[in-house]
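# Inside the fold
So you can see what is in the structure, the chains are spelled out below.
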Amino acid sequence: MKRIVVLGAGESGTGAAILAKEKGFDVFVSDMGEIKAPYRAMLDQHGIKWEDGHHTAESILNADEVIKSPGIPLTAPLIVKLQEQGTPVISEIEFAARYTNAKMICITGSNGKTTTTSLIYDILRRAGLNVGLAGNIGASLALQVAHEHHDYYVIELSSFQLDNMYDFRANVAILLNITPDHLDRYNYEFQNYVNAKFRITQNQTKDDAFIYWSEDPVIDKEIKKMSLGATLYPFGKTGNAAYVRGNDLIVEANDCLQMPVGDLSLRGKHNQLNSMAASIAAQVLHIKKDVIRESLRQFAGVEHRLQYVATIRGVRFVNDSKATNVNSCWYALESMTTPTVLILGGKDKGNDYSEIDELVRRKCHTLVFMGLHNEKLREHFAACNGVSETFTGCDGKPLRIIDTDNLQDAVNGAYGAAAEGDTVLLSPCCASFDLFKSYEDRGEQFMNAVRRL
């Protein structure tokens, strides 16, 4: 009997283990951390052996194949040993796809993945299709393949998941943008990260669709170097499969859809691009125009992405905790229409904050640093005695700097610095793992802190 070892027992790993068990494999699960109670119960229910708090090397190195959690880096000593001895190491998505004939609609990019994935899922559900939501959101693909049957899966894919995908084929692949992110996982080599993102196109044929933002300079450069097998659907410029002309969104991938930009439920230029990508995917799948329009008008957005929290004494609070990189914060600032107090900081991933310099000067009068290690932020924004020595804010005065090491102080400080009519924006630029369990935990704590004001 073939032996499958699953490393990591979160949503992804537990789903993979259950699917492997149901397909008749000898399955063992190992997690260096503590496996959460619901996942332990699921593994026990299916008679799957597991360990947590450590890795027993001899129980792992004898595997015929290993399914790795996306959170485990390729440089982890155990992964290196497995690769050196020739043991295949794959992702949960790669494994699950072997056992379904469903159409795969896959979305990646540095920013906008969750919004675009959720929007496509919404469109397909409104169209009455039997569709599942998987990847970084929703239940694991493997668990759905084991216990459900869907004709379509809409899958959000991170670069970490793409790293260990080899034979997987996306029927519809969407690449929204590429900006520096997770460089700490890619030896601080941007090209390594770019290569990971473009793995979404591997194995595609002319019967498949590759949807991409034509104005992204990194994507444009890579496409010119490659020979892609899929049918290409660029968006962004006039004459592409989707674009904005005047005040109208135009989509011409299959049929001609036209609607006023003002009717889109999602605001901001970045969401116009997300709506273009989702609409092209829907047209490729032959969804009716009326259904697409209805979704674009009514889609409510996703939690922790420019999520309105409350207005307190005229100060508006917005939760953008999902902004875990600088480019995502750029989009959030670009959408601000009032003077802004920006809360940022967390676990730095090799960030270059200069990308938001111009918008900080134009939109913000105060920055609130929130993290255990704010040294890089203080250095970049030239913080000295509560103000910046080189930055002028939107009010024409030296940019005010408030330095904190916890969220409640950050919220209190931001509120104290804001005037009636201002916006306090949590858009951290950084990962959450210095102070929080996840960006969701950070967003929830932010909203609770606001409500305590």
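Each chain carries its own residue numbering, running from 1 in the direction its sequence is written. Per-residue local features of the predicted model are confined to residues with pLDDT of at least 70, and side-chain atom pairs are confined, for both listing and counting, to 80 or more; whole-chain, interface and lining totals are unaffected and use all residues. Just so you know, side-chain values use all the structure's heavy atoms and leave hydrogens and water out.

By the criteria applied, helices consist of DSSP H or I runs no shorter than four residues and strands consist of E runs no shorter than two, each listed in order from the N terminus. The number of helices and strands found in the chain is 17 helices and 22 strands. With C-alpha atoms as the basis for the radius of gyration, the globule rule is written as 2.2 Å multiplied by the number of residues raised to the power 0.38. The C-alpha radius of gyration computed for the chain amounts to 23 Å, which stays within 12% of the reference 22 Å derived for 453 residues, consistent with globular compactness. Using a 1.4 Å probe on the protein chains alone, a residue whose accessible area is under 20% of its type maximum counts as buried, one over 50% counts as exposed, and one in between counts as partly exposed. In the chain, which comprises 453 residues, the proportion classed as buried is 58%. Sequence separation of 24 or more characterises 68% of the internal contacts of the chain that already satisfy a separation of 6 or more. Taken as a whole, the chain presents about 18800 Å² of accessible surface, with 47% of it coming from carbon and sulfur. We call two residues contacting when some pair of their heavy atoms lies within 4.5 Å. Only the protein chains shown count as cover for residues, with accessible areas throughout obtained via the Shrake-Rupley method and a probe of 1.4 Å.

Glancing now at the pattern of salt bridges. What counts as a salt bridge is simple: a side-chain nitrogen of Lys or Arg found within 4 Å of a carboxyl oxygen of Asp or Glu. Taken as a whole and judged by the stated rule, the model has 17 salt bridges. As a salt-bridge pair, Asp 220 and Lys 224 come within 3.2 Å of each other at their nearest N and O atoms. Within this pair, Asp 220 and its partner Lys 224 are both found in helix H10 (residues 217-225), separated by 4 residues, close to a single helical turn. For Lys 224, a relative accessible area of 67% gives the class exposed. Between Lys 376 and Asp 348 there is a salt bridge, with its nearest N and O atoms 3.4 Å apart. Taken together, the residues span a long stretch of sequence, with Lys 376 in helix H15 (residues 375-380) and Asp 348 in the loop between strand S17 (340-344) and helix H14 (357-363) at a distance of 28 residues. A cluster of three or more residues bridged by salt bridges with shared partners is formed by Lys 2, Glu 65 and Arg 98.

Here we take up the sheet that holds strand S20 (residues 387-392). Should DSSP find at least two bridges between two strands, the strands are taken to pair. Taken in spatial order, the 8 strands make up an open sheet running S15-S16-S22-S17-S18-S21-S20-S19, and their pairing is mixed. Sheet topology places strand S15 (307-312) and strand S19 (383-384) at the edges, where each strand pairs with a single neighbour. Inter-axis angles, ranging from 0 to 180 degrees, are taken between N-to-C directions of lines fitted to C-alpha atoms, where helices are fitted over the stretch in contact. The sheet strands contacting helix H13 (residues 326-334) are S17, strand S18 (364-370) and strand S22 (423-426), and the helix crosses S17 at an angle near 165°.

For our purposes a nonpolar core is just a set of buried Ala, Val, Leu, Ile, Met, Phe, Trp, Tyr and Cys residues, chained together by side-chain atoms within 4.5 Å. Membership of the largest hydrophobic core comes to 52 residues, with the highest contact counts inside it found for Leu 141 and Ile 155. If we skip the residues at most four places from it in the chain, Ile 155 touches Ile 93, Met 104, Ile 105, Cys 106, Ile 107, Thr 117, Ala 134, Gly 135, Leu 141 and Phe 168. Membership of the second largest hydrophobic core comes to 46 residues, among which are Ile 105, Val 154, Val 261 and Val 302.

Here a pair means two rings of Phe, Tyr or Trp (six-membered ring of Trp) with centres within 6.5 Å. Their orientation is stacked below 30 degrees between planes, edge-to-face above 60, and tilted elsewhere. A full pass over the atoms with the stated rule returns 9 aromatic pairs. Distance and angle both matter: a charge sits over a ring if NZ of Lys or CZ of Arg is within 6 Å of the ring centre and within 35 degrees of the ring normal. Sitting over the face of the ring of Phe 391, Arg 361 holds its NZ or CZ atom 4.0 Å from the ring centroid.

Outside of glycine, negative phi angles account for most residues, and trans bonds account for most peptide bonds. In this model, Asn 385 sits at a positive phi of 55°, which is unusual for a non-glycine residue. Residue placement: Asn 385 occurs in the loop between S19 and S20. According to the relative accessible area criterion, Asn 385 is exposed, its value standing at 77%.

Now for the sheet that holds strand S1 (residues 3-7). Taking strand neighbours across the sheet as the criterion, the 5 strands line up as S3-S2-S1-S4-S5 in an open arrangement whose pairing is parallel. At either end of the open sheet lies a strand with only one pairing partner, and these are strand S3 (49-52) and strand S5 (89-90). As defined by bridge partners, strand S2 (residues 26-31) adjoins S3 across 4 bridges and the pair is classed as parallel. Within S3, the residue paired with Asp 31 across the bridge is Asp 52.

A few words on the pairing of strand S6 (residues 103-108). Burial within S6 is extensive, with 5 of its 6 residues counted as buried. Pairing of S6 with strand S8 (residues 152-156) involves 5 bridges; the strand directions are parallel. Paired with Lys 103 across the bridge in S8 is Tyr 152. With 4 bridges joining them, S6 and strand S9 (residues 172-175) adopt parallel strand pairing.

Let us look at the packing of helix H6 (residues 113-126) against helix H11 (residues 269-284). Closest axis-to-axis distance for the H6/H11 pair is 9 Å, and the angle between their directions is 40°. With respect to each other, H6 and H11 are oriented oblique. Crossing of H6 against H11: the hand is right-handed. Residue-level contacts link Thr 115, Thr 116, Leu 119, Ile 120 and Ile 123 of H6 to Asn 271, Asn 274, Ser 275, Ala 277, Ala 278, Ala 281 and Ala 282 of H11. Polar here means any residue outside two lists: the nonpolar Ala, Val, Leu, Ile, Met, Phe, Trp, Tyr, Cys and Pro, and the charged Asp, Glu, Lys and Arg; Gly therefore counts as polar. Grouping the amino acids of the contact of H6 with H11 by side-chain chemistry returns 7 nonpolar, 5 polar and no charged. In these notes the angle categories are as follows: under 35 degrees is roughly parallel, over 145 is roughly antiparallel, 65 to 115 is roughly perpendicular, and the rest is oblique. We call a crossing left-handed when the near helix sits turned anticlockwise from the far one by less than a right angle, and right-handed when that turn is clockwise.

What follows is about the environment of Val 172. By the element assignment, Val 172 lies in strand S9. Distance from Val 172 to Val 251, taken between C-alpha atoms, is 16 Å for residues 79 residues apart in sequence. Aside from chain neighbours lying at most four places away, what touches Val 172 is Met 104, Ile 105, Cys 106, Gln 204, Ala 209, Ile 211, Ala 281, Val 284 and Leu 285.

Here we take up helix H16 (residues 407-417). The α-helix winds at 3.6 residues per turn, so residues separated by three or four positions along the chain end up facing the same way. Those residues of H16 not exposed but buried are Leu 407, Ala 410, Val 411, Gly 413, Ala 414 and Ala 417. Down the axis of H16, the sector holding all buried residues measures 165°, keeping them to one side. Buried residues along H16 sit in contact with S17, S18, strand S21 (398-404), S22 and helix H17 (439-451). Any pair of N or O atoms that falls within 3.5 Å is considered a polar contact. Within protein, one atom must be able to donate a hydrogen and the other to accept it, and sequence-neighbouring residues count only if both atoms are side-chain atoms. The N-cap of H16, judged by a side-chain oxygen 3.3 Å from the amide nitrogen of Gln 408 a few residues on, is Asn 406. Taking the helix axis as origin, the arc is that swept by the directions to the C-beta atoms.

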